[in-house]
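Structural features, examined
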Amino acid sequence: DAGVIQSPRHEVTEMGQEVTLRCKPISGHNSLFWYRQTMMRGLELLIYFNNNVPIDDSGMPEDRFSAKMPNASFSTLKIQPSEPRDSAVYFCASRHQGRDNEQFFGPGTRLTVL
Amino acid sequence: AQKVTQAQTEISVVEKEDVTLDCVYETRDTTYYLFWYKQPPSGELVFLIRRNSFDEQNEISGRYSWNFQKSTSSFNFTITASQVVDSAVYFCALSGPSTDSWGKLQFGAGTQVVVTP
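Read on for a plain summary of the structure. (Residues numbered from 1 in each chain as written. Chains lettered and ligands numbered in written order. Predicted model: local features only at pLDDT ≥ 70, side-chain atom pairs only at ≥ 80, totals over all residues. Heavy atoms only, no water.)

Topic: the overall build of chain B
Helix and strand counts for chain B come out as zero helices and 12 strands. Ordered by position from the N terminus, the helices and strands of chain B form the series β-β-β-β-β-β-β-β-β-β-β-β. Expressed as lengths along the three principal axes of its C-alpha atoms, the size of chain B is roughly 45 × 30 × 20 Å. Residues counted as buried form 50% of the 117 residues belonging to chain B. Considering only contacts in chain B between residues 6 or more positions apart, those separated by 24 or more positions represent 58%. Measuring between centres, the 9 positive side-chain charges of chain B sit 5 Å from its 13 negative side-chain charges. (Helix = DSSP H or I, 4+ residues; strand = E, 2+ residues; numbered from the N terminus. Buried < 20%, exposed > 50% of the residue type's maximum accessible area, 1.4 Å probe, protein only. Contact = heavy atoms within 4.5 Å. Lys, Arg positive; Asp, Glu negative; His and termini not counted. Charge placed at Lys NZ, Arg CZ, Asp CG, Glu CD.)

Okay, here's the thing in structure tokens:
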């Protein structure tokens with residue numbers, strides 16, 4: 001069974017550009033999480049969804065960040081406009097709520113904003 | 001509030017030595033889950049173990065073992081006979097109903113383990 005799939009794996013963009021990160025959770029999982037990892041702040045939860053519905057977006061830094069989950073097999077995290085301080089590794093994770101509590105992480109997207 | 005403390009920032013050992021990673025947590029929940037994840041240099045986060053707060057049995061899996069002590073709010077992780085491939089950052093995490101739902105993981109800051117030949 002494939003794990004969590006994220007694309008792109010690396011993204012380099014210029015300040016002010018729109019960035020879209022994509023995630024495909026593990027089939028059958030009904031919870032999806034977006035995290036950001038930086039040296040300064042460690043792992044931060046940005047937002048998570050249960051059954052495609054956003055439950056908690058209190059970790060989203062500001063209005064430049066938005067996330068969607070149009071169906072059970074796809075989610076996007078968008079940054080518009082991007083800024084250099086957004087440079088980080090962005091992880092997507094999924095789990096099956098109600099069966100197990102562990103989250104399974106994707107390989108991450110390394111974002112660099114110049 | 002939930003909090004996970006990994007006081008050790010970095011541990012360096014020589015191959016074949018044992019290494020123990022400390023994890024201390026705070027929670028007001030009576031039921032909760034504890035986790036360990038490994039992040040090797042390649043960057044992915046790998047799930048290692050989940051422990052329910054009702055189950056205080058220690059667990060051994062190959063060279064890995066975990067010591068859960070509710071009385072001291074600790075969930076320590078030991079690597080026996082370390083190998084170079086064990087070099088990674090190890091994260092302890094906690095989830096419980098007080099974080100609005102069971103979904104959110106509260107991560108510690110991580111401990112960098114460096115195993116040299």
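Some words on the interface of chain A and chain B
Interfaces are often sized by the amount of accessible area the parts lose when they come together. Listed by partner, the interface residues are 17 residues for chain A and 18 residues for chain B. Where chain A abuts chain B, roughly 1500 Å² becomes buried across the two surfaces, and 56% of that area is made up of carbon and sulfur atoms. For the pair chain A and chain B, the number of links is two salt bridges. For K104 of chain B, the salt bridge goes to D56 of chain A, with nearest N and O atoms at 2.8 Å. Applying the counting rule to chain A against chain B returns four residue pairs in polar contact (both at pLDDT 80 or more). For the side of chain A that touches chain B, the secondary-structure elements that each account for two or more residues are β4 (31-38), β5 (42-50), β9 (88-95) and β10 (104-105) of chain A. For the side of chain A that touches chain B, a count of residues per class yields nine nonpolar, four polar and four charged. (Buried area = accessible area lost by both parts, 1.4 Å probe. Salt bridge = Lys/Arg side-chain N within 4 Å of Asp/Glu carboxyl O. Polar contact = N/O pair within 3.5 Å; in protein donor to acceptor, adjacent residues only side chain to side chain. Nonpolar A, V, L, I, M, F, W, Y, C, P; charged D, E, K, R; others polar.)

Topic: the pattern of salt bridges
Residues and elements named next belong to chain A. Following the criterion strictly, the structure yields 13 salt bridges over all chains and no others. Here R85 and E62 are joined by a salt bridge, their closest N and O atoms 3.2 Å apart. Here R85 is found in the loop between β8 (74-79) and β9, whereas its partner E62 is found in the loop between β6 (53-56) and β7 (65-71), with 23 residues between them in sequence. Accessibility expressed as a relative area gives 55% for R85, which makes it exposed. With a shortest N-O distance of 2.6 Å, E83 and R85 are connected by a salt bridge. Among the residues examined, E83 registers a relative accessible area of 23% and is labelled partly exposed. Three or more residues are tied together by salt bridges with common partners; here these are E62, R64, E83, R85 and D86.

Some details on the state of the cysteines
The tally for this structure, following the rule as stated, stands at two disulfides over all chains. One disulfide in the model links C23 of chain A with C92 of chain A; its S-S distance is 1.9 Å. Because the sign of the S-S torsion sets the handedness, a value of about -70 degrees for the bond joining C23 of chain A and C92 of chain A places this disulfide among the left-handed ones. Of this pair, C23 of chain A sits in strand β3 (residues 19-24) while C92 of chain A sits in strand β9, and the two are 69 residues apart along the sequence. The exposure class assigned to C92 of chain A is buried, which follows from its relative accessible area of 0%. Between the sulfur of C23 of chain B and that of C92 of chain B lies a disulfide, 2.0 Å long from S to S. Between C23 of chain B and C92 of chain B the sulfur-sulfur dihedral comes to about -65 degrees; the bridge is accordingly left-handed. With C23 of chain B in the loop between β3 (19-21) and β4 (24-26) and C92 of chain B in strand β10 (residues 88-95), this residue pair connects regions lying 69 residues apart in the sequence. Residue classification places C23 of chain B among the buried positions, given a relative accessible area of 0%. (Disulfide = S-S within 2.5 Å.)

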